[in-house]
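# Structure at a glance
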Amino acid sequence: MQETKKKFYVTTPIYYINDVPHIGHAYTTIGADVLARFKRMDGWDVFFLTGTDEHGQKIEKAAKERGLTPQQLTDQIVVRFQEAWKKLGITYSRFIRTTEISHKRAAQMFFEKVFKNQFIYKGHYEGWYCLPDEKFLLPSEVINEKCPDCGRPVERLKEENYFFSMSKFQNALTQYLEEHPEFVQPLSRKNELVNNFIKPGLTDVCITRSSVQWGIAAPVPEKSILYVWFDALINYLSGIGWPDDLETFHRYWPADVHLIGKDILRFHATLWPAMLLAAEIPLPKKVFGTGFITMNGQKMSKSLGNVIDPLAIADQYSPDALRYFLLREIPFGVDGDFSMESFQLRFNGDLANDLGNLIHRSLSMLERYFDGVIPENPNPSPAETELKTLATQYATQARLQIEEMAFPAILTLIWTLVKRANKYIEDSAPWKVAADSAQRARLQTILYTLMEVLRVVALALAPFMPFTAESIWSQLGFSDSIFNHGLEETEEWAKIPSGQKISKKNPLFPRIDRS
RNA sequence: GGCGGGGUAGCUCAGUUGGUUAGAGCAUUCGGCUCAUACCCGAAGUGUCGGCGGUUCGAGUCCGCCCCCCGCUACCA
């Protein structure tokens, strides 16, 4: 039964949709998808949650600028996210929107629970306020006591609000971080967080706003809404059924990993665990902060006009080429750079020359020498055994690396096999063997071995490059989806059926002419 | 300022608990091959491992000081 399978719950941030998806969103989501696909293929019961954060002042403002209601705006933009994820092959289990009724109810119930546990109290929130714009401003936004939007003078304003007693969790949080060194990753960010944020002392957080309209009503007598972060973080619970479907909730919670951008690590590593402690809910196992992606070494920004549209790259080349580049080029957890130069080098070098050409040349020979029918596998020699060993050992190493989110390392592993296979062709020279009819059996072994390598490569590649893997699979003559198959099949050899007819297609990755 | 991360071949980076001639990929040059997407295979390299000093039989790897780059430093998703 399902119950015997180990569960794996992975989340992305819920993206703030005051604008369309950019490459940073895509990067984190692709990483989560790889984890989900890998675990699924390795026999785990996976729940993969992503979605959108649709409340707050910025949405309110963006909607106003376009002459829409906030709900109309989010209804429009959410489609862009969902279409983007479809195009990039993202296999989420559920897409949550914070404007859904079930989420709103969850957020309110969470508030009530924490309130009941006496970690929420009434207090005063004081800050800069722009009267004409009717909005609170951050200290960093206010220059010379002027509003950054309208330029008019701002004033100090006091608002009665509700506060969450985060300071009470200082010790519990510190202790948790010490006892669970793997909780916040990468390690460098954990150090930053502990030294700069937690050690100096946590302060209470104002979790209601009476000046903002667009949000979830706080379950209090006064008219006010929940602070967006308090609202947003709860999606990780409501997304798997809390509090209505507790069976599903208990099946998947606690989350195995919250994948997030480094900019929001702090909320996930302090506010979120504190909230959960206050609500007496177990903490997630891991919070992993990814880096930022720069463009030609520069920070991406609309004003610089260097924002990369991930969908344009996916359209022009292929979704898998984008996935490959991001996963291979950038160690997960540090900042990385995107440039057409490096993208094209990866594309031509790794995808066209190494992988694409291996597939194409192998299938071409099979068509030429065996009319596209996979032969028997008589008398493998040590050369074949070496390839077999390399291929069948992949899964063991990959399982270790995936725990560390070491995507580049796993792809390097796969490419070791690809390169080894290219060398094997060179060494065994099937075109020479084919010229001698007495060596027919030898030729069969060589081609059979190549088909086996391609089978393993396709399976290994599937979590990372799903479209490519599926294509290799069908080109090898399989009629079902590769995703009906598991990682353990890479640990077996001589599995591709002799007599199966392949169906070669055009090269998967045509070289980019860079002249 | 404080805290954290990093400075290794032209470029991007690996380098486990200190140990024999410091590695990979890309780019470059030369050679081979022709099944294949002007592709693939092989060979050649180049390095004061940021600087100085110390510990040690022995340090890229440990300690101290200095220089440079990057990140974080509270209610902003």
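Structure first, text after, so check above.
Below, the structure is looked at part by part. (Residues numbered from 1 in each chain as written. Chains lettered and ligands numbered in written order. Predicted model: local features only at pLDDT ≥ 70, side-chain atom pairs only at ≥ 80, totals over all residues. Heavy atoms only, no water.)

## Notes on the packing of helix H12 (residues 319-329) against helix H16 (residues 407-428)
Put simply, H12 and H16 touch, their axes get as near as 7 Å, and they point 110° apart. Compared by their axis directions, H12 and H16 come out roughly perpendicular. Touching Tyr324, Leu327 and Arg328 of H12 are Phe407, Pro408, Leu411, Thr412 and Trp415, all from H16. By residue class, the composition of the contact of H12 with H16 is six nonpolar, one polar and one charged. (Axes fitted to C-alpha atoms, helices over the stretch in contact; angles between N-to-C directions. Helix = DSSP H or I, 4+ residues; strand = E, 2+ residues; numbered from the N terminus. Parallel < 35°, antiparallel > 145°, perpendicular 65-115°, else oblique. Contact = heavy atoms within 4.5 Å. Nonpolar A, V, L, I, M, F, W, Y, C, P; charged D, E, K, R; others polar.)

## Some remarks on the nonpolar core
Burial of nonpolar side chains together is a common tendency in soluble globular proteins. In this structure, Phe338, Tyr394, Ile414, Leu447, Met451 and Phe464 are the most contacted members of the largest nonpolar core, which totals 108 residues. In terms of residue count, the dominant contributor to this core is helix H18 (residues 440-461) (14 residues). Contacts of Phe464, omitting those with residues within four sequence positions, involve Val34, Asp320, Arg323, Leu327, Tyr394, Phe407, Ile410, Leu411 and Ile414. With 60 residues, the next largest nonpolar core counts Leu177, Val184, Leu233 and Phe267 among its residues. (Core = buried A, V, L, I, M, F, W, Y, C linked by side-chain atoms within 4.5 Å. Buried < 20%, exposed > 50% of the residue type's maximum accessible area, 1.4 Å probe, protein only.)

## Considerations on unusual backbone geometry
A cis amide bond, omega -5°, links Gln185 with the succeeding residue Pro186. Among the secondary structure elements, Pro186 is positioned in the loop between strand S7 (184-185) and helix H6 (187-198). For the bond from Trp242 to Pro243, the omega torsion is 0°, close enough to zero to count as cis. One can find Pro243 in the loop between helix H8 (235-238) and helix H9 (246-252). The residue Gln118 is not glycine, and still its phi comes out positive at about 65°. Topologically, Gln118 is positioned in the loop between helix H4 (101-116) and strand S4 (120-130).

## Here we look at the side chain of Asp231
Note that Asp231 resides in helix H7 (residues 228-233). Buried and unpaired, Asp231 has Lys104 as its nearest opposite-charge partner, separated by 8.8 Å. A polar contact of 2.8 Å, which involves the side chain of Asp231, links it to the side chain of His103. In contact with Asp231, not counting residues within four places along its chain, are His55, Thr98, His103, Ile216 and Leu226. (Lys, Arg positive; Asp, Glu negative; His and termini not counted. Salt bridge = Lys/Arg side-chain N within 4 Å of Asp/Glu carboxyl O. Polar contact = N/O pair within 3.5 Å; in protein donor to acceptor, adjacent residues only side chain to side chain.)

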